[in-house]
Amino acid sequence: MAGQGSAIVVGGSIGGLTAAIAMARTGVRTTVLECRDSFEGRGGIGVDYRMLCEATGEHPDDSLAYIYGYRRSTSFNALYAWLAEVGSRVEGLELRLGVDVTKVHQDDDKAYAITGSEELAADILIGADGYRSIVRGEVNPDQLLTDYAGFMAWRGWLAESDLPDGTPLPSDDLVSFGFGRQMLVAFPLPGLNNRDLSKGLRTIGFAWHDPTRTRLLEDAGCVRDGKILRGLESGMFPPGLAQEMIGNAGRMWPTPWREAIVECFEQGIAFGTPIGNYLPERMSRGRIGLIGDAAHAVAPATGQGYNSSVEDAIALRDSVRGGVAGSAGPAAMASFERLRLGPAQELVRWSRQWSRTYVGPER
Ligand SMILES: Cc1cc2nc3c(=O)[nH]c(=O)nc-3n(C[C@H](O)[C@H](O)[C@H](O)COP(=O)(O)OP(=O)(O)OC[C@H]3O[C@@H](n4cnc5c(N)ncnc54)[C@H](O)[C@@H]3O)c2cc1C
């Protein structure tokens, strides 16, 4: 059955775009509102290509470059560009950049998104607005913020050609290393043009897990009362921190990853992400639903943050085309929650357990 009606998606990153494509393909007119003017992601992401194909109706195999390790990894930028290109060809899908949604609400007839200059209405509204979601306020009003998991990831991303002269090129695979409780995951990724896979033309990403920085995150205003408020950008680093990290990288990590990390801290492009878990009590209420990190944030070690939002997109698609008379509305949103709440809660519980084990009793 084809879907009918209209949808607003708040947040046009990888989760929001995937859901918008999945819904619009059924015939639901879908408008995506993204507050950023352009998209620039940093680093890499392991993607389940089979599920991505199921959600979007397009085969990414030939058009979304990846490095194959124990699974396929691509860069955020390549994935976003791929989704934006697919979305641009889907009838009934409109992506509006530079639109900041300040409030959402609903009544018996419609769901509404208020921006600086207008109020948009649709049959359903999907919050794909990430771990600091404002749409959560309409679905889980008593549970607005994401729980801090007790550790952070230092992250960075640079062109392979920016490695210092003489640094051996990294292997073709994702690698991981441990040093006490510190853990490094590093990987080559498609190049800056989102396509190049040859040595020397790729990019390099890393995520360095560090469970010793809670005080730093609290002092910088990133974490308060066990909840995550924001990420730690390089401009927020206290004096001496970058030098300390450069020293630590030199002691802890092997070549060529050490050089890549040092380069990112020297160039001021390394940043910190407090890791969080968000266990949802609900994923929809009336005409409004949540997907992606807004609905169920998890630790990167699960490798499932984005992949679970692809599952959300598939469930949304099935719900809008199978709801009452195949329409987008409260029945479709209730169906979406029935399909997704249990699996999402299970994923977050696993992530919380992993986080507790990783951080250990010393926290
Ligand atoms: C180190 C690390 C490694 C990871 N590795 C993997 C992996 O290998 N595989 C995997 O599946 N997942 C992985 N993840 C998780 C994955 O990155 C996230 O789950 C995913 O990026 C979340 O996407 P999202 O679209 O839900 O949210 P976001 O990417 O946070 O996007 C939210 C969007 O909403 C916009 N927005 C916010 N508020 C508003 C507003 N009021 N109005 C308009 N727009 C708004 C924002 O600008 C943003 O574009 C990893 C995460 C980390 C930190």
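Summarised in this report is the structure supplied together with it. The structure presented is a predicted model; accordingly, all values stated were derived computationally and were not measured.

Calculation notes
Residues numbered from 1 in each chain as written. Predicted model: local features only at pLDDT ≥ 70, side-chain atom pairs only at ≥ 80, totals over all residues. Pairing = 2+ DSSP bridges. Helix = DSSP H or I, 4+ residues; strand = E, 2+ residues; numbered from the N terminus. Contact = placed C-beta atoms within 7 Å. Buried ≥ 20, exposed ≤ 12 C-beta atoms within 10 Å, placed from the backbone. Expected span 1.5 Å × (residues − 1). Core = buried A, V, L, I, M, F, W, Y, C linked by C-beta atoms within 7 Å. Domains from an automatic or database assignment. Near = placed C-beta within 6 Å. Nonpolar A, V, L, I, M, F, W, Y, C, P; charged D, E, K, R; others polar.

1. Thoughts on the pairing of strand β7 (residues 101-106)
Strand direction decides the pairing type here: β7 and strand β8 (residues 111-115), joined by 5 bridges, are antiparallel. In the sheet register, V104 faces β8, and the bridge partner there is A113. Taken together, β7 and the strand that follows it, β8, pair antiparallel across an intervening segment of 4 residues.

2. As for the environment of T214
By secondary structure assignment, the location of T214 is in helix α5 (residues 214-219). The spacing of T214 and N307 is 93 residues in sequence and 28 Å in space, taken between C-alpha atoms. Those residues in contact with T214 that sit more than four places away from it in its chain are G150 and V223.

3. Focus: helix α7 (residues 257-267)
The element α7 is largely enclosed, with a buried count of 8 among its 11 residues. For α7, the set of buried residues is W257, E259, A260, I261, V262, E263, C264 and F265. Here the buried face of α7 lies against β11 (147-159), β13 (182-189), β14 (203-210) and α6 (241-252). Downstream of α7 by a residue or two, G268 has a phi angle that is positive, lying close to 75°.

4. Quick word on the sheet that holds strand β5 (residues 72-75)
Here 3 strands make up an open sheet; going across it, the order is β3-β5-β4 and the pairing antiparallel. Each end of this open sheet is capped by a strand with a single partner; those strands are β3 (44-46) and β4 (67-68). The pairing of β4 with β5 spans 2 bridges and is classified as antiparallel. Across the sheet, I67 pairs through a bridge with S73, a residue of β5.

5. Points about helix α3 (residues 76-88)
Helix length check: α3, at 13 residues, gives a terminal C-alpha distance of 18 Å against a target of 18 Å (1.5 Å per residue), a fit within 8%. Of the residues making up α3, those classed as buried are F76, N77, A78, L79, Y80, W82, L83, V86 and G87. Buried-residue contacts for α3 involve α1 (14-24), β3, α2 (49-56), β5 and β6 (93-97).

6. Side note on the nonpolar core
Core analysis: the largest hydrophobic core is formed by 105 residues, its most contacted members being I8, V10, A19, L79, L125 and I261. Formed jointly, this core draws a minimum of three residues from each of two domains, domain 1 (6-145 + 278-359) and domain 2 (148-275). For L79, the contacting residues outside a window of four places in its chain are I14, I45, V47, L64 and T74.

7. Quick word on the site of the ligand
Near the ligand, the surroundings consist of 32 residues, among which G11, G15, G130, G292 and G305 are the closest. Where the shell around the ligand is concerned, the elements lending two or more residues are α1, β2 (29-34), β3, β11, α8 (292-296) and α9 (305-322). A per-element tally of the shell around the ligand places α9 first, with 4 residues. Per-class residue counts for the shell around the ligand are 12 nonpolar, 14 polar and 6 charged.

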